[in-house]
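Notes for the structure review
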Amino acid sequence: MKKYIATIILTVLTAIIGLTLVSCEKEVIPREVELILINPNTGEPVENGDTVILPDERMVIDARALDKETGKVLTSEDLKFETIGRSLRVYLCPIVDGKLGATMTNYLWPTREEVDTIMSRYGSDEYKMTLSFDCRPDGAGKNFVRYYEMKTIYIRFHLIVSEE
């Protein structure tokens with residue numbers, strides 16, 4: 001009888017300990033991301049102070065979020081709860097008299113006419129690109145687990161129209 005009671009107590013304790021260990025959530029440490037803007041002509045990352053020649057045709061601005069540890073370009077599959085398109089925001093603003101002008105475009109390189117207008121009106125070919133990453137979906141509750149850190153970077157560069 002004592003062995004039977006001891007076996008039941010041991011089984012109950014094992015079940016309680018097992019359930020306790022399973023219910024304890026492992027803390028997720030968000031991974032760092034690196035944001036890069038790709039030069040539409042060379043395919044290389046744009047750095048502060050670079051000169052970019054405006055693409056001939058209006059095209060989507062190629063900005064990427066990379067897992068800093070692995071160097072892998074993040075996709076919607078990596079984010080679990082959000083798409084990469086909604087997580088990575090891109091804004092282009094001219095710099096006029098040392099100050100930011102109004103946002104010219106979101107996600108598309110400006111047209112030749114837009115760049116010519118800025119140049120003729122303000123005499124400026126300097127621009128600032130803002131890349132901002134946040135994979136938290138709208139309406140996420142307090143229990144949302146962030147797998148990647150939020151990050152914003154600014155890249156100042158010269159945007160010129162080709163003379164060809």
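Everything that follows concerns the structure shown earlier in this document.
Residues numbered from 1 in each chain as written. Predicted model: local features only at pLDDT ≥ 70, side-chain atom pairs only at ≥ 80, totals over all residues. Heavy atoms only, no water.

Brief notes about the overall build of the protein
The test is simple: To qualify as a helix, a DSSP run of H or I must reach at least 4 residues; to qualify as a strand, a run of E must reach at least 2; elements of each kind are numbered from the N terminus. The cut-offs for exposure are 20% and 50% of the maximum accessible area for each residue type, with area from a 1.4 Å probe on protein chains only; residues under the lower value are buried, those over the upper are exposed, and the others partly exposed. Only heavy atoms enter the contact rule, under which two residues are in contact if any of them lie within 4.5 Å.
For the protein, the count of helices and strands is four helices and eight strands. Sequence-ordered secondary structure for the protein, helices as α and strands as β, is α-β-β-β-α-α-β-β-β-α-β-β. Relative to its full complement of 164 residues, the protein shows a buried share of 31%. Within the protein, counting contacts between residues at least 6 apart in sequence, those at least 24 apart form 69% of the total.

Concerning the nonpolar core
Put simply, the test is: Joining through side-chain atoms within 4.5 Å is the link that ties buried Ala, Val, Leu, Ile, Met, Phe, Trp, Tyr and Cys residues into a set, and such a set is a nonpolar core.
Core analysis: the biggest nonpolar cluster contains 29 residues, and L37, W109, M129, L131, F133, F157 and L159 have the highest contact counts within it. At the level of elements, β1 (33–37), β3 (63–67), β4 (88–96), α4 (112–122), β7 (126–133) and β8 (151–160) are the ones that each hand at least two residues to this core.

Quick notes on the pairing of β1
We count it as follows: Note on pairing: two strands pair once DSSP finds at least 2 bridges between them.
With respect to burial, β1 is a largely interior element, four of its five residues being buried. When β1 meets β3, the two strands line up antiparallel, connected through five bridges. Paired with V33 across the two strands is D67, which belongs to β3.

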